[in-house]
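Descriptive analysis of the structure
Residues per chain are reported as follows:
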Amino acid sequence: MSRNSGYFSTTIPLNTAKATTPGAHDADVPVTQPTPLKRVVSGAALKELLASGSSSQSKTPSKMDNMFQNYSHSEIARDTATIKNSVIMHLTATFLRTPMSMDSGHAYLASAFSVRDRLLQRWNLTNEFHDRMKAKRVYYMSLEFLIGRTFDNALLALDLREEYSKALGDVGFCLEDIIDEERDAALGNGGLGRLAACYVDSMACQDYPGWGYGLRYKYGMFQQQIINGYQVEAPDCWLDSPNPWEFPRPDVTYPVKFYGHLERDPSSEHRYIWKSDVVYDAMAFDVPVPGYGTTNVGNIRLWSCKTNSLFDLNKFNSGDYHGATGGQVAAQILTDVLYPNDNTNEGKELRLRQEYLFCSATMQDIIARFKKTGRPMRDLPDLAAIQLNDTHPTLGVPELMRILIDEEELTWDEAWEITTRTFAFTNHTILPEAMEKWPVPMLDKILPRHMGIMYDINLFFLQSVEKQFPGDRDLLRRISIIEESNPQQVRMAFLACVGSHKVNGVAAIHSDIIKQTIFKDFVRIQGEDKFINKTNGVSPRRWMNECNPDMSSLLTEVVGDRSWVNDLAKTKKLEERVTDQDFRQRWWDAKQANKKRLADYILTTTGIRVNPNALFDVQVKRIHEYKRQLMNILSVIYRYHCLKQMTPEDRAKELHRVVVFAGKAASGYWVAKQVIKLINSVAEVVNADEEIGDVLKVVFIPDYSVTAAEYIIPASDISQHISTAGTEASGTSNMKFVLNGGIILGTVDGANIEIGEEIGEEQIFFFGCLAHEVEDFRHYLRFHQPKPDDALQTAFDMIQRNTFGDAAIFQPLIDSILRGGDVYLLSVDFPSYIQAHKAVEDAYRNREEWITKSILSVARMSKFSSDRSIQEYAEEVWNIEPVRVNSCNMSI
Ligand code: NBG
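Since the model is a prediction, treat every value here as computed from it, not as a measurement. All residue numbers refer to position in the chain's written sequence, counted from 1. With pLDDT at 70 or above as the cut-off, local features in this predicted model cover only qualifying residues; side-chain atom pairs require 80 or more to be listed or tallied, and sums for whole chains, interfaces and linings still use all residues. Note: side-chain values were computed over all heavy atoms of the structure, leaving out hydrogens and water.

1. Overview of the overall build of the chain
- Only DSSP runs of H or I reaching four residues or more are called helices, and only runs of E reaching two or more are called strands; each is numbered from the N terminus. Along the backbone of the chain there are 35 helices and 26 strands.
- Relative to the globule expectation of 29 Å for 892 residues, the C-alpha radius of gyration of the chain, 28 Å, shows essentially globular dimensions.
- In terms of overall dimensions, the chain has C-alpha extents of about 90 × 75 × 65 Å along its principal axes.
- The rule is simple: take the accessible area with a 1.4 Å probe, protein chains only, and divide by the maximum for that residue type; under 20% is buried, over 50% is exposed, in between is partly exposed. Going through the 892 residues of the chain one by one, you find that 61% of them count as buried.
- By definition, residues are in contact when any of their heavy atoms lie within 4.5 Å. Residue pairs in contact within the chain that sit at least 24 positions apart in sequence constitute 78% of those at least 6 positions apart.
- Working note: accessible area of the chain is about 33,200 Å², and carbon and sulfur atoms make up 52% of it.
- A positive count includes Lys and Arg, and a negative count includes Asp and Glu. His and the chain ends are not counted in either. Charge coordinates come from a single atom per side chain, which is NZ of Lys, CZ of Arg, CG of Asp or CD of Glu. When the 97 positive and 117 negative side-chain charges of the chain are each reduced to one mean point, those points stand 3 Å apart. The reference for a compact globule is 2.2 Å times residues^0.38; the radius of gyration itself is calculated from the C-alpha atoms. Exposure was quantified through the Shrake-Rupley algorithm and a 1.4 Å probe, taking into account, for residues, occlusion by the shown protein chains and nothing else.

In structure tokens:
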């Protein structure tokens, strides 16, 4: 512990011990850090900056500064004895248990709390540091964060996995079992929410001052049970036991207003006084995001509706117990439940209120933090960048306008300039059913002030367009933020676009498509430069280092150290080993071990025994018509038919295959739920067929989650990403599968295309029609009966002969193809899909060829690290730079 004479006497770096292993935190250890991206603040520069930074507010040390005089920071020791003590301390003092009565649940909680202590220590320092540096921060606003588990991730980030394993071993527990006690934080639906989690991870690991903002749902993504083949939803009560990974902040609470009426502020044309009827309090919970190989700890701030002040004591005293808590119930419900819709917009009033609570609390918090810098409001874009993760947080735009105009007393023009320089917007879909629109009357009732602001934004925007393209009335109709329907609707994507300085899609093809479709007119009006591409990425921490320890060891061996974890380009070195026989064998063995692990997981979760030596063919993702799980199961039916036709001798020569499905359907999405039923019905028949045995097994793993994905993804040989071309904006599981040495069978869609470009087309199996052909096929199929090929017809026939139970249950699925216009073009793509499967089989039979494909693919995946995506956002959208706390070996 060192003490210093300066008025702010924190010692940085935190850990003064010489780092000997990657992940330890000594600035002298280069292996853990990628080359600093742009600006890394040197010790001397930092000293200067801090001195000038504080003096800009006051020359004399403040009260807080004085408090720091006697505060010196050193990290909690990392030895096993200290770890054991801290675990026991939490066991006894936090959970009122003794080591004698410790079960694995409490062993997890006590261990997690002891890890949390370390994270909070770093968290504090990171934020104190960023505040003092007046670093520009990025705020990633997302209604979804699909975090999964944190414990293992934190242990790896802190480089304490071995130490905890040993300490827990000493008291009779196995770390792996304890890790399994943690419940997933499932505050998201699918790709969009998981992307948000990967992005905050990358910000933390690369020392970007970035925060996520979201909602703390009491019930996350529902738990999926499969009963009689059908999906049944049960609530996900993930907060039933203590959650070590959040830190309640009752001191960070903001009032959020709803309903009421407006009064004109006589002092200004644009200013209003909003007399609301209802005010709820949004309280912050902070979730630390451990950075790997750095002391930087990021933050996700989640809002929860606070209800205490809404208890009506007068009603209670008069005996109206129900009425006394009525206000609390109404408030609490706001942050109770995550809407379980992926790529669909439900348009419910409660959802709108959720969105506003989220946006209002977030904007108030950002402004409050900004104001502490003492800088004038017009400087907000210099210190804050806000990313809208899809349209869900778009009410942030009128909310910021309201605060700037009505509360900060800026003019409309000043406020608009600040707003548009601060916000940027990511579009994640072009599916019409996912486009958020809110009825004007609903908005008018709930948020009268915002409705007024949105009218004005629209008016000024249309006026400028009219000037630019005089007389083009149809253009004005097309681009109006307010759709002239009955009732009128606010088109949130247009509002987000107009309110932002940059708009991006999430893969090259998707970014092109949005420029040619929904934002076509906006490109003409606002210029090409505003519309950019930022291809998604995934975190190598979770999606390799954590979920695939065997393959990670091979990467570490090849690279020479663990630096690839934060710098995926290093895995390029794998190419040098592609001819090394011993290495190739170990590569294969690592995959086999993962398949064995998945086979055990399948046995535990479904009771189905599968052979780990079969080809593992996996499709795991949300169940949606555009993702075409139906096409997959129809091909399985056809395969089953072919196997049944064979002689036992021929059948025995067939490649053995395990077809794995997993994924949830939105609770109100009937067709998707029927697809789940069909998969389970086929599985039941095929798996029980003794003639077929191990040649074909079909498995639906229930309750897909981040944790399930961590078992499934490393074990795939082939994974399917088979959306109709042009419908999957990017996909991110495709990246995870390839990163884990699996091969893709996919359509020319989303990020599949760029993956193919990077790894080489020999490493990927493409099939199906192309995006530009889709409209013509759809048009044709609107007026003509589809012509299923023999294979598809065979699958239909088998279903219709009641092979998988009552055919009537599945007839609507067949009808969606034969009579419903086959919107997702299954009949068009089926023949090439079956051919692609054959090509996969041939390739898999040639083990050497397959291993080569697998190694080369992993070697070439660095583009798809979320670190790359975040660097691009930082440089091209947010204009922020990394600020490394641990690079400054100095006292202040
Ligand atoms: C999803 C897309 C995926 C994409 C993720 C993350 C929505 C609205 N969109 O293709 O369907 O990978 O976003 O960008 O959930």
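Still more ground to cover, so stick around.
2. Describing the side chain of Arg 584
- Structurally, the position occupied by Arg 584 is in helix α23 (residues 581-606).
- Arg 584 sits in the buried class, given a relative accessible area of 5%.
- Not counting the four nearest positions on each side in its chain, Arg 584 is found in contact with Arg 577, Val 578, Thr 579, Glu 848, Ile 851, Thr 852 and Ile 855.

3. Quick notes on the state of the cysteines
- We call a pair of cysteine sulfur atoms a disulfide whenever their separation is within 2.5 Å. Under the definition given, this model contains 0 disulfides.
- The thiol sulfur of Cys 205 is not disulfide-bonded, and the nearest other cysteine sulfur, from Cys 198, lies at 10 Å.
- Classification of Cys 205 as buried rests on a relative accessible area of 1%.
- Here Cys 547 stays free of any disulfide, with the sulfur of Cys 198 as its closest cysteine sulfur at 11 Å.

4. A few points about the nonpolar core
- Buried Ala, Val, Leu, Ile, Met, Phe, Trp, Tyr and Cys residues form a nonpolar core when they are joined through side-chain atoms within 4.5 Å. Within the largest apolar cluster, 265 residues are counted, with the highest numbers of intra-cluster contacts made by Phe 151, Phe 258, Trp 303, Phe 519, Trp 587, Leu 634 and Trp 878.
- Counting residues per element, this core draws most heavily on helix α11 (residues 349-371), at 10 residues.
- Discounting chain neighbours no more than four positions away, the residues touching Phe 258 are Trp 274, Ser 276, Asp 277, Val 278, Tyr 280, Leu 334, Arg 353, Tyr 356, Leu 357, Ile 446 and Leu 447.
- In this structure, Phe 129, Met 133, Val 883 and Val 885 belong to the second largest nonpolar core, which totals 6 residues.

5. Comments concerning the sheet that holds strand β13 (residues 384-389)
- If you trace the 9 strands from one edge of the open sheet to the other, you get β8-β11-β12-β5-β2-β13-β14-β18-β19, paired in mixed fashion. The open sheet has two free edges, formed respectively by β8 (247-258) and β19 (531-533), since each of these has just one partner strand. The sheet shows a mean angle of 25° between the axes of neighbouring strands, taken without regard to direction.
- Two strands pair if DSSP finds at least two bridges between them. As paired strands, strand β5 (residues 210-215) and strand β12 (residues 297-306) are joined by 5 bridges and run parallel to one another. Along β12, the bridge assignment pairs Gly 214 with Leu 302.
- Most of the contacts of helix α35 (residues 866-878) go to β13, to which it runs at about 115°, and overall it touches β2 (137-141), β13, β14 (423-426), β18 (503-505) and β19. Inter-axis angles, ranging from 0 to 180 degrees, are taken between N-to-C directions of lines fitted to C-alpha atoms, where helices are fitted over the stretch in contact.

6. Examining the site of the ligand
- Think of it this way: one heavy atom of a residue within 4 Å of a molecule or strand is enough to make that residue near it. Taken together, 16 residues lie near the ligand, and Asn 343, His 428, Asn 536, Glu 728 and Gly 731 sit nearest.
- Counting of polar contacts relies on pairs of N or O atoms within 3.5 Å, with two restrictions inside protein: one atom must be capable of donating a hydrogen and the other of accepting it, and residues adjacent in sequence are counted only when both atoms are side-chain atoms. Within the contact set of the ligand, an oxygen atom lies 3.3 Å away from a backbone nitrogen or oxygen of Ala 729.
- Residue Gly 731 places a main-chain N or O atom 2.8 Å away from an oxygen atom belonging to the ligand.
- Bound to the protein, the ligand loses 94% of the 380 Å² it would expose on its own.
- Under the grouping applied here, Gly and all other residues not named as nonpolar or charged are polar, the nonpolar ones being Ala, Val, Leu, Ile, Met, Phe, Trp, Tyr, Cys and Pro and the charged ones Asp, Glu, Lys and Arg. Here the shell around the ligand is built from residues that sort into 5 nonpolar, 8 polar and 3 charged.

7. A closer look at the confidence of the model for the chain
- Confidence scores labelled pLDDT are given residue by residue by the predictor and lie between 0 and 100. Summary statistics for the chain give a mean pLDDT of 91 and a share of 91% for residues scoring 70 or more.
- Note that residues 66-71 has pLDDT below 50 and, in this model, 14 contacts with residues that lie over four places away or in other chains.
- Segment residues 887-892: pLDDT under 50, and 28 contacts once partners within four positions in sequence are set aside and those in other chains are kept.

8. As for the UniProt feature "modified residue: N6-(pyridoxal phosphate)lysine" (unreviewed entry) in the chain
- Under the UniProt annotation, the feature "modified residue: N6-(pyridoxal phosphate)lysine" (unreviewed entry) is placed at Lys 736.
- Mapped onto the elements, Lys 736 comes out in helix α28 (residues 733-739).
- Judged by relative accessible area, Lys 736 falls into the buried class, the value being 6%.
- Discounting chain neighbours no more than four positions away, the residues touching Lys 736 are Arg 194, Val 538, Trp 543 and Ile 713. UniProt positions are given in the numbering used here, feature names are shortened, and annotations may be inferred rather than shown by experiment.

9. Some words on a nonpolar patch on the surface
- Within the patch definition used here, like charges are joined within 9 Å and nonpolar side chains (Val, Leu, Ile, Met, Phe, Trp, Tyr) within 5 Å, considering only residues with over 30% relative accessible area and no salt bridge. Salt bridges, as used here, are contacts in which a Lys or Arg side-chain nitrogen is within 4 Å of a carboxyl oxygen on Asp or Glu. A cluster of nonpolar side chains, namely Phe 311, Leu 313, Phe 316 and Tyr 321, defines an oily patch on the protein surface of about 410 Å² accessible area.
- As for its position among the elements, Tyr 321 is in helix α10 (residues 321-332).

10. Comments concerning the sheet that holds strand β16 (residues 482-483)
- Spatial ordering of the open sheet is given by β15-β17-β16, a layout of 3 strands whose pairing is antiparallel. Since the sheet does not close on itself, it has two edges, and those belong to β15 (437-439) and β16, each with one partner.

11. Quick look at the environment of Ser 563
- Residue position: Ser 563 is located in the loop between α22 (549-559) and α23.
- Ser 563 sits 129 residues away from Ile 692 along the chain, and the two C-alpha atoms are 47 Å apart.

12. Thoughts on the packing of α22 against α23
- Relative orientation of the contacting elements α22 and α23 amounts to 155°, with a least axis distance of 8 Å. Classified by the angle their axes make, α22 and α23 are roughly antiparallel. Along its contact with α22, which presents Asp 550, Met 551, Leu 554, Leu 555, Glu 557 and Val 558, the element α23 presents Phe 583, Arg 586, Trp 587, Ala 590 and Ala 593.
- Class assignment of the residues belonging to the contact of α22 with α23 gives a composition of 8 nonpolar, no polar and 3 charged. To sort the angles, those under 35 degrees are grouped as roughly parallel, those over 145 as roughly antiparallel, those from 65 to 115 as roughly perpendicular, and the leftovers as oblique.

13. Considerations on helix α24 (residues 629-645)
- For α24, with 17 residues, the first-to-last C-alpha span of 25 Å sits near the 24 Å given by 1.5 Å per residue.
- Most of α24 is tucked away: 13 of the 17 residues are buried. Helix span is expected to be 1.5 Å times the residue number reduced by one.

14. A word on the pattern of salt bridges
- Inspection of the entire model under this criterion finds 66 salt bridges.
- Between Asp 152 and Arg 161 there is a salt bridge, with the nearest N and O atoms lying 2.8 Å from each other.
- Owing to a relative accessible area of 8%, Asp 152 belongs among the buried residues under this scheme.
- Put simply, Lys 863 and Glu 754 hold a salt bridge, and the shortest N to O gap is 2.9 Å. Linking Lys 863 in the loop between α34 (847-859) and α35 with Glu 754 in helix α29 (residues 750-759), this pair joins segments that are 109 residues apart in sequence.

15. Section: helix α32 (residues 807-818)
- For α32, built from 12 residues, the straight-helix expectation of 16 Å at 1.5 Å per residue is met to within 8% by its first-to-last C-alpha distance of 15 Å.
- Those residues of α32 that fall on the buried side of the exposure criterion are Ala 807, Phe 810, Leu 813, Ile 814, Ile 817 and Leu 818. Down the axis of α32, the buried set is contained in an arc of 135°. They therefore lie on one face.
- For α32, the capping residue at the N-terminal end is Asp 806, with a side-chain oxygen 3.0 Å from the backbone nitrogen of Ala 808. Taking the helix axis as origin, the arc is that swept by the directions to the C-beta atoms.

16. Focus on the environment of Arg 271
- Structurally, Arg 271 can be placed in the loop between β9 (261-264) and β10 (272-275).
- It is 8.9 Å that separates the C-alpha atoms of Arg 271 and Trp 412, two residues lying 141 residues apart in sequence.
- The residues contacting Arg 271, other than those within four sequence positions of it, are Arg 264, Asp 265, Ile 405, Asp 406, Glu 409, Leu 410 and Arg 449.
- Engagement of the side chain of Arg 271 in a polar contact is seen with the backbone oxygen of Ile 405, the distance being 3.1 Å.

17. Some points on the packing of aromatic side chains
- Only Phe, Tyr and Trp rings are paired, with Trp represented by its six-membered ring, and only when their centres lie within 6.5 Å; those with planes under 30 degrees apart are stacked, over 60 edge-to-face, the remainder tilted. Summed over the entire model, instances satisfying the criterion amount to 30 aromatic pairs.
- Here Tyr 844 and Trp 850 contribute two aromatic rings whose centre-to-centre distance is 4.9 Å and whose plane-to-plane angle is 85°, an arrangement assigned as edge-to-face. With respect to class, Tyr 844 is no different from Trp 850; both count as buried.
- One aromatic cluster in this structure is built from Trp 123, Tyr 139, Trp 211, Tyr 213, Tyr 254 and Trp 303.
- Above the plane of the ring of Phe 469 lies Arg 524, whose end atom (NZ or CZ) is 4.6 Å from the centre.
- For the cation-ring pair, Lys 664 lies above Phe 222, with the distance from its terminal atom to the ring centre recorded as 5.5 Å. A ring has a charge above it when a Lys NZ or an Arg CZ is no more than 6 Å from the ring centre and no more than 35 degrees off the ring normal.

18. What to know about the pairing of strand β7 (residues 230-234)
- Pairing analysis gives 5 bridges linking strand β6 (residues 223-227) to β7, with the strands arranged antiparallel. Bridging across to β7, Gln 225 finds its partner in Val 232.
- The turn linking β6 back onto β7 is made up of 2 residues, and Asn 228 within it adopts a positive phi angle of 55°.

19. Details of unusual backbone geometry
- The amide bond that connects Asn 486 to the next residue, Pro 487, takes the cis arrangement and shows omega of 0°.
- Inspection of the secondary structure puts Pro 487 in the loop between β16 and β17 (489-491).
- In the Ramachandran plot, Lys 134 falls in the positive-phi region, its phi being about 50° despite a non-glycine side chain.
- With respect to the helices and strands, the residue Lys 134 is situated in the loop between α4 (104-133) and β2.
- Unlike most non-glycine residues, Asn 228 shows phi in positive territory, near 55°.
- Following the sequence through the fold, Asn 228 ends up in the loop between β6 and β7.

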